[in-house]
Amino acid sequence: MTKIKVLIADNHAMVREGLKLALDNHKNIKVIGEATNGKEAVKLALELKPHIVLMDISMPEMNGIEAAVEIKSHDNNIKIIMLTMLDSEKFIVDAMSVGIDGYLFKESGIKELATAINRVYEGGEYLNKEVTDKILSYIRGRSFSSQTLNGNNTPPLTPREIEVLTLVSKGHTSKTAAEKLFISELTVVKHRKNIIKKLGVKNLAEAVSYAASHGLI
């Protein structure tokens, strides 16, 4: 039986270890490497030649979308599935535009992830149901933001800032957001201050309102 060789790229050790343990239980899937940042993901992908890279977007050194572009430019046979907490239209569109092969949210179960890996390996594409819903919403003319349509008007929020803002919009405190993202509470507080400054708003409530109306979250 040919095993599907998978490289995991995520800066959280617990996520990498959990994914490896779960995926290695599948007879036809083998995790052959782990990358802790975008630059390392590119290096290992080109060295190890995995069939599929499971790529987070929010990573140090180089984000997942930038890493995907670099990998695809060198070897377009390597398939890339984005596995991320980021559900804003901007990141979905950015990822699709660089030719990624799948996009799932981290809330997905291992069974769905294995299905995605197999489908992509066989030459298909896989989009998480929630991703598909967002794309259908766009097709129906409902919700793609001016940010997506006109990048020049996009506030320069980083992927991590988008993650923080998304969690805040769902009622998370700095402490619980930090626990979700595996970062310190102080780091979350700094991100919150940067978000307010970048968006030119008075407080976090206005930041959430702005982000929601412009399709950032």
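Look up a bit, the structure's there.
Source: prediction; values computed, not measured.

**Q** Please explain the sheet that holds strand β5 (residues 102-105) as it appears in this structure.
**A** Strand-to-strand pairing in sheets goes through backbone hydrogen bonds, with the strands running parallel or antiparallel. Spatially, the six strands line up as an open sheet ordered β2-β1-β3-β4-β5-β6, and their pairing is parallel. One side of each edge strand has no neighbouring strand; the edge strands of this open sheet are β2 (29-35) and β6 (126-127). When strand β1 (residues 4-9) meets strand β3 (residues 52-55), the two strands line up parallel, connected through four bridges. Residue isoleucine 8 lies in a different strand from β3, and its bridge partner there is leucine 54.

**Q** Teacher, can you tell me more about the nonpolar core here?
**A** As a rule of thumb, soluble globular proteins bury nonpolar side chains together. One finds Val53, Met55, Ile71, Ile80, Met82 and Tyr103 to be the most contacted residues of the largest nonpolar core, which totals 45 residues. When residues in this core are grouped by element, the largest group, five residues, is from helix α8 (residues 159-169). In contact with isoleucine 71, other than residues within four places in its own chain, are Ala41, Val42, Ala45, Val53, Met55, Ile78 and Ile80.

**Q** Quick question: what am I supposed to make of the pattern of salt bridges here?
**A** Side chains that differ in sign of charge can pair as their charged atoms come close. For the coordinates displayed, the defined rule picks out nine salt bridges. Where glutamate 161 meets lysine 198, a salt bridge forms, and the shortest distance between an N and an O atom there is 3.0 Å. Remark: lysine 198 occurs in helix α10 (residues 185-199) and glutamate 161 occurs in helix α8; sequence separation between them is 37 residues. Taken together, the salt bridges that share partners define one network made up of Asp10, Asp56 and Lys106.

**Q** How should I be thinking about the packing of aromatic side chains in this particular structure?
**A** Here the distance between the centres and the angle between the planes together describe a pair of aromatic rings. Going through the model one piece at a time under the given rule, you end up with one aromatic pair. Plain terms: the ring middles of tyrosine 103 and phenylalanine 105 are 6.0 Å apart, the flat faces sit at 90° to each other, and that makes the pair edge-to-face. For the residue pair tyrosine 103 and phenylalanine 105, the accessibility class agrees, reading buried in each case.

**Q** What am I meant to see in helix α3 (residues 64-74) here?
**A** Every α-helix carries 3.6 residues per turn, so stepping three or four residues along brings you back to the same face. Within α3, the full set of buried residues consists of Gly64, Ile65, Ala67, Ala68, Ile71 and Lys72. Here the buried residues of α3 occupy an arc of 155° about the axis, which is enough to place them on one side. Every exposed residue of α3 that faces more than 90 degrees away from the buried side is listed here: Ser73 and His74. Taking the backbone nitrogen of isoleucine 65 as reference, a side-chain oxygen 3.0 Å away marks asparagine 63 as the first, capping residue of α3.

Procedures and definitions
- Residue indices follow the written sequence of each chain, beginning from 1 at its first position.
- Residues qualify for local features only when their pLDDT is at least 70, as the model is predicted, and side-chain atom pairs are given and counted only at 80 or more; totals for whole chains, interfaces and linings, by contrast, use all residues.
- Processing note: side-chain calculations cover all non-hydrogen atoms of the structure and skip hydrogens and water entirely.
- In this description, strands pair whenever DSSP reports at least two bridges between them.
- Strands here mean DSSP runs of E at least two residues long; helices mean DSSP runs of H or I at least four residues long; both are numbered from the N terminus.
- Only buried residues count toward a nonpolar core. Its members are Ala, Val, Leu, Ile, Met, Phe, Trp, Tyr and Cys residues joined through side-chain atoms within 4.5 Å.
- Relative accessibility under 20% of the residue-type maximum defines a buried residue, over 50% an exposed one, and the middle range a partly exposed one, all with a 1.4 Å probe and only protein chains included.
- Here, residues are in contact when the closest pair of their heavy atoms is within 4.5 Å.
- Salt-bridge detection follows one rule: a side-chain nitrogen of Lys or Arg within 4 Å of a carboxyl oxygen of Asp or Glu.
- Aromatic rings from Phe, Tyr and Trp, taking only the six-membered ring of Trp, are treated as a pair when their centres fall within 6.5 Å; an angle between ring planes under 30 degrees marks them as stacked, one over 60 as edge-to-face, and anything in between as tilted.
- Directions drawn from the helix axis to the C-beta atoms are what define this arc.
- Between N or O atoms, a polar contact is any pair within 3.5 Å; within protein, one atom must be a potential hydrogen donor and the other a potential acceptor, and residues adjacent in sequence are included only when both atoms are from side chains.

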